[in-house]
There are 2 protein chains.
Amino acid sequence: MANQGKKKFRTSKQRNRMLQLLRATDSHPTADWLYEELKKEFPRLSLGTVYRNLSLLIDMGLVKKIHFGSTFDRFEANTAPHYHLICERCGKIIDFDLPVYEDIIEDAKQRTTFTIHFHRIEFFGTCENCGRASQVNI
Amino acid sequence: MANQGKKKFRTSKQRNRMLQLLRATDSHPTADWLYEELKKEFPRLSLGTVYRNLSLLIDMGLVKKIHFGSTFDRFEANTAPHYHLICERCGKIIDFDLPVYEDIIEDAKQRTTFTIHFHRIEFFGTCENCGRASQVNI
DNA sequence: GTCCGTGCAAAAGCTTTGCAGCCTT
DNA sequence: AAGGCTGCAAAGCTTTTGCACGGAC
């Protein structure tokens, strides 16, 4: 999605400030938060511009979207702790029966003031099918 | 969100089949997939019912939603690999500067046919603030 | 009989997109 | 001058909710 590096970028005040803002905060902002902040400086700013610029910044590799992977919720009846393998191409999600790394949790608990209840690990990559397909380079 | 265990549940054919379906598949279905599947059996089924039942099943602890945490996307300019601490109460996300567990990745790579590009670990719990607040039991 | 679950439809919430004009190169 | 970027508004998509009726207990 978005443009795969084929387009030329121009600079814009809005996008520059947006990147500055993102770099100055560690609160993992939402698009709306950025919108409200930037509107102080650009009163006519529109949300569309925020989203478009976020998309561009991600294309440029300067920003990451955190909860990507799927635009809609997914559900599972496997309530036992387990990890996930997610294919970046076809979106397939596979249960990954790895041993639960207890020592990681212990390690983590000692390094934060958070009360940790559980953790989640997701591995992103390409599945066998999509891996073969990539040889052809669609 | 939803009812916190205060309500009594009745059974329903729709919900029973939904749980069966979820247990019989490992494809981590979306609400819409469930809707399409169940409509074969319940032609008048509505999407609203699917969502409501998913919510109930989650309350009952029989089903998990995978991509929860935030209903909207979040962005960050910290492109270096790092993990996240997420507060289940206030939704706050904090960068967690843990060492990257290289051995986990190696271990994982050997146990799958996936080509793994990167991984993500999220720790869920309650932050210091919310932890204190919980004493009061809102 | 009570009141939970359902279908239907409308609404809500976040994100994307079409268009005409402005700004960067 | 060319074409990316912007504001505005409308549309899109997933999820939630109000309402009246039917079903479980």
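Residues numbered from 1 in each chain as written. Chains lettered and ligands numbered in written order. Predicted model: local features only at pLDDT ≥ 70, side-chain atom pairs only at ≥ 80, totals over all residues. Heavy atoms only, no water.

In terms of helices and strands, chain A carries five helices and five strands. Counted from the first residue to the last, chain A has its helices and strands arranged as α-α-α-β-β-β-β-α-β-α. Taking all 138 residues of chain A together, the buried fraction comes to 40%. In chain A, once contacts between residues fewer than 6 apart in sequence are set aside, the share between residues at least 24 apart is 50%. (Helix = DSSP H or I, 4+ residues; strand = E, 2+ residues; numbered from the N terminus. Buried < 20%, exposed > 50% of the residue type's maximum accessible area, 1.4 Å probe, protein only. Contact = heavy atoms within 4.5 Å.)

Right, let's talk about the protein's contact with DNA strand C for a bit. Surveying the vicinity of DNA strand C reveals 21 residues, the closest of which are R10(A), Y51(A), R10(B), S12(B) and R44(B). In this structure, a base oxygen belonging to DNA strand C sits 2.8 Å away from a side-chain N or O atom of R10(A). Between DNA strand C and R52(B) there is a distance of 3.2 Å, counted from a base nitrogen to a side-chain nitrogen or oxygen. The leading source of residues in the surface near DNA strand C is helix α3 (residues 47-59) of chain A, at four residues. Looking at the surface near DNA strand C residue by residue, the classes come out as five nonpolar, seven polar and nine charged. (Near = heavy atom within 4 Å. Polar contact = N/O pair within 3.5 Å; in protein donor to acceptor, adjacent residues only side chain to side chain. Nonpolar A, V, L, I, M, F, W, Y, C, P; charged D, E, K, R; others polar.)

What follows concerns the domain arrangement of chain A. Residue and element names in this part refer to chain A. As assigned here, chain A comprises domain 1 (13-76) and domain 2 (83-136). Each of domain 1 and domain 2 was reduced to a C-alpha centroid, and the two centroids are 25 Å apart. At the interface, four residues of domain 1 touch six residues of domain 2. Between domain 1 and domain 2 lies a buried interface of about 350 Å² when both sides are counted; carbon and sulfur atoms form 56% of it. Summed over the shared surface of domain 1 and domain 2, the number is zero salt bridges. The interface formed by domain 1 and domain 2 contains one residue pair in polar contact (both at pLDDT 80 or more). Along the lines of polarity and charge, the residues of the side of domain 1 that touches domain 2 split into one nonpolar, one polar and two charged. (Domains from an automatic or database assignment. Buried area = accessible area lost by both parts, 1.4 Å probe. Salt bridge = Lys/Arg side-chain N within 4 Å of Asp/Glu carboxyl O.)

Looking now at the packing of aromatic side chains. Under the definition given, this model contains four aromatic pairs over all chains. Aromatic pair F96(A) and F123(A): ring centres 5.5 Å apart, planes at 75 degrees, arrangement edge-to-face. Here the residue F96(A) occupies a position in strand β4 (residues 93-96), and F123(A) occupies one in strand β5 (residues 115-126), the gap between them amounting to 27 residues. Residue classification places F96(A) among the buried positions, given a relative accessible area of 4%. Note on F118(A) and F124(B): the rings are 4.8 Å apart at their centroids and 10 degrees apart in plane angle, and the pair reads as stacked. In this pair, F118(A) is assigned in strand β5 and F124(B) in strand β5 (residues 115-126), connecting two distinct chains. Residue class for F124(B) comes out buried when judged on its relative accessible area of 1%. (Phe/Tyr/Trp six-rings, centres within 6.5 Å; stacked < 30°, edge-to-face > 60°.)

Attention shifts here to a negative patch on the surface. Side chains of E102(A), D103(A), E106(A), E102(B), D103(B) and E106(B) sit close together on the surface and give a patch of like negative charge. Those elements giving two or more residues to the negative patch turn out to be α4 (102-110) of chain A together with α4 (102-110) of chain B. (Patch = residues over 30% accessible without salt bridge, like charges linked within 9 Å, V, L, I, M, F, W, Y side chains within 5 Å. Areas by Shrake-Rupley, 256 points an atom, 1.4 Å probe, with all protein chains shown as cover. Lys, Arg positive; Asp, Glu negative; His and termini not counted. Charge placed at Lys NZ, Arg CZ, Asp CG, Glu CD.)

Let us now look at the packing of helix α2 (residues 31-39) of chain B against helix α3 (residues 47-59) of chain B. The angle between the axes and the distance between the axes are what describe a pair of packed helices. Residues and elements named next belong to chain B. Look at α2 against α3: their axes get within 9 Å of each other, and the N-to-C directions meet at 120 degrees. As the angle between them shows, α2 and α3 are arranged oblique. For the pair α2 and α3, the sense of crossing is right-handed. Here α2 contributes A31, D32, L34 and Y35 to the contact with α3, which in turn contributes L47, V50, Y51 and L54. The residue makeup of the contact of α2 with α3, split by class, is seven nonpolar, no polar and one charged. (Axes fitted to C-alpha atoms, helices over the stretch in contact; angles between N-to-C directions. Parallel < 35°, antiparallel > 145°, perpendicular 65-115°, else oblique. Left-handed = near helix turned anticlockwise from the far one by under 90°.)

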